[in-house]
Amino acid sequence: AVVSTQSTGDHSTTFNVLLSQLKQLLGLQSSGSADISPKEKFLMESRATLTHVLRSIDTLNSLIRLVESIPNMVIGDHIAEQVTSAVEGINKAQAALMAGQLQEALHQASLARDAAEKSFSDPSILALLYFPDDQKFAIYIPLFLPVGLPLIVAYLEIMKQWKKSKDKTD
């Protein structure tokens, strides 16, 4: 067991230094107090709201670029609902900010970000990313060509014999 030789006063000094550095990392003013002032809380919530909204927009834009890059991608109804939910959450967050309701704006922005992330990382979309059409052809042609080629040759032979038999009867 480790026995601490620091006194209680030393722990207090260490804690104050740690708290000061933590507040600096969060972009807050280091006041030396352990409490977070209302202004600091407002700044942290504002930053978090803005971050959630911007990440939601960025994720939705990435989804748009992805859908445009894969021409025959099918978007399921559940993904469309999540995208709609994300856009509505962004709009509600903006309206709450305009009304001065920061807590509600943060909540809506957080919901929007969750919906945007869920829509982008849906398993049905991820499956299309890993198996584009050219890879499907590269996989299935070697499998079906050995079966299909003899069938085509046999069909052509049957058609040739049928044509000869038809010409003989005429």
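Report follows, based on the coordinates. (Residues numbered from 1 in each chain as written. Predicted model: local features only at pLDDT ≥ 70, side-chain atom pairs only at ≥ 80, totals over all residues. Heavy atoms only, no water.)

1. Considering the overall build of the protein chain
Assigned secondary structure in the protein chain consists of six helices and zero strands. Evaluated residue by residue, the protein chain yields a buried proportion of 19% over its 170 residues. Look at the contacts in the protein chain between residues 6 or more apart in sequence, and 63% of them connect residues 24 or more apart. (Helix = DSSP H or I, 4+ residues; strand = E, 2+ residues; numbered from the N terminus. Buried < 20%, exposed > 50% of the residue type's maximum accessible area, 1.4 Å probe, protein only. Contact = heavy atoms within 4.5 Å.)

2. Brief notes about the packing of helix 2 (residues 38-69) against helix 3 (residues 77-98)
Put simply, helix 2 and helix 3 touch, their axes get as near as 11 Å, and they point 150° apart. Between helix 2 and helix 3, the angle falls in the class roughly antiparallel. Remark: the crossing between helix 2 and helix 3 carries left-handed chirality. Where helix 2 approaches helix 3, its residues Thr49, Val53, Ser56, Ile57, Leu60 and Leu63 are matched on the opposing element by Val83, Ala86, Val87, Ile90, Ala93 and Leu97. Grouping the constituent residues of the contact of helix 2 with helix 3 by class yields ten nonpolar, two polar and no charged. (Axes fitted to C-alpha atoms, helices over the stretch in contact; angles between N-to-C directions. Parallel < 35°, antiparallel > 145°, perpendicular 65-115°, else oblique. Left-handed = near helix turned anticlockwise from the far one by under 90°. Nonpolar A, V, L, I, M, F, W, Y, C, P; charged D, E, K, R; others polar.)

3. Some thoughts on the packing of helix 3 against helix 4 (residues 102-120)
In contact at an axis separation of 7 Å, helix 3 and helix 4 are set at 160° when each is read in the N-to-C sense. The angle between helix 3 and helix 4 falls in the class roughly antiparallel. Here helix 3 and helix 4 pass one another in a crossing that is left-handed. Each of Ile79, Gln82, Val83, Ser85, Ala86, Gly89, Ile90, Lys92, Ala93, Ala96 and Leu97 in helix 3 lies in contact with helix 4, whose residues at this interface are Leu102, Glu104, Ala105, Gln108, Ala109, Ala112, Ala115, Ala116, Lys118 and Ser119. Of the residues belonging to the contact of helix 3 with helix 4, the class tally is 13 nonpolar, five polar and three charged.

4. What about the environment of methionine 73?
As for its position among the elements, methionine 73 is in the loop between helix 2 and helix 3. Linking methionine 73 and isoleucine 125, residues 52 residues apart in sequence, is a C-alpha distance of 8.0 Å.

5. Focus: helix 4
The first and last C-alpha atoms of helix 4 sit 27 Å apart over 19 residues, in line with the 27 Å expected at 1.5 Å per residue. Those residues of helix 4 that fall on the buried side of the exposure criterion are Leu102, Ala105, Leu106, Gln108, Ala109, Ala112, Ala115, Ala116 and Ser119. (Expected span 1.5 Å × (residues − 1).)

6. Some details on the nonpolar core
Val53, Leu60, Ala86, Ile90, Ala93, Ala109, Ala112, Ala115 and Ala116 together form the largest nonpolar core, which totals nine residues. Breaking this core down by element, the ones donating at least two residues are helix 2, helix 3 and helix 4. Top element by residues in this core is helix 4. It accounts for four residues. Those residues within four positions of leucine 60 in sequence are excluded, and the remaining contacts are Val83, Ala86, Val87, Ile90, Ala116 and Ser119. The next biggest cluster of nonpolar side chains, apart from the first, holds six residues, and it includes Leu66, Met73, Ile79 and Ile125. (Core = buried A, V, L, I, M, F, W, Y, C linked by side-chain atoms within 4.5 Å.)

7. A look at the side chain of glutamate 45
By the element assignment, glutamate 45 lies in helix 2. For the buried glutamate 45, no salt bridge exists, and the shortest N-O distance to an oppositely charged side chain is 4.1 Å, to lysine 41. Dropping the residues within four chain positions of it, glutamate 45 is found in contact with Leu102, Gln103 and Leu106. (Lys, Arg positive; Asp, Glu negative; His and termini not counted. Salt bridge = Lys/Arg side-chain N within 4 Å of Asp/Glu carboxyl O.)

8. Remarks on helix 3
Under the 1.5 Å per step criterion, the end-to-end length of helix 3 is 31 Å for 22 residues, consistent within 8% with the ideal 32 Å. Listing the buried residues of helix 3 in full gives Ile79, Gln82, Ala86, Gly89, Ile90, Ala93 and Ala96. Mapping the buried residues of helix 3 onto a view down its axis gives an arc of 135°, with all of them on the same face. Turned more than 90 degrees away from the buried face of helix 3 sit Asp77, Glu81 and Met98, all of them exposed. Immediately beyond the C-terminal end of helix 3, within one or two residues, lies glycine 100, with a positive phi of roughly 80°. (Arc of directions from axis to C-beta.)

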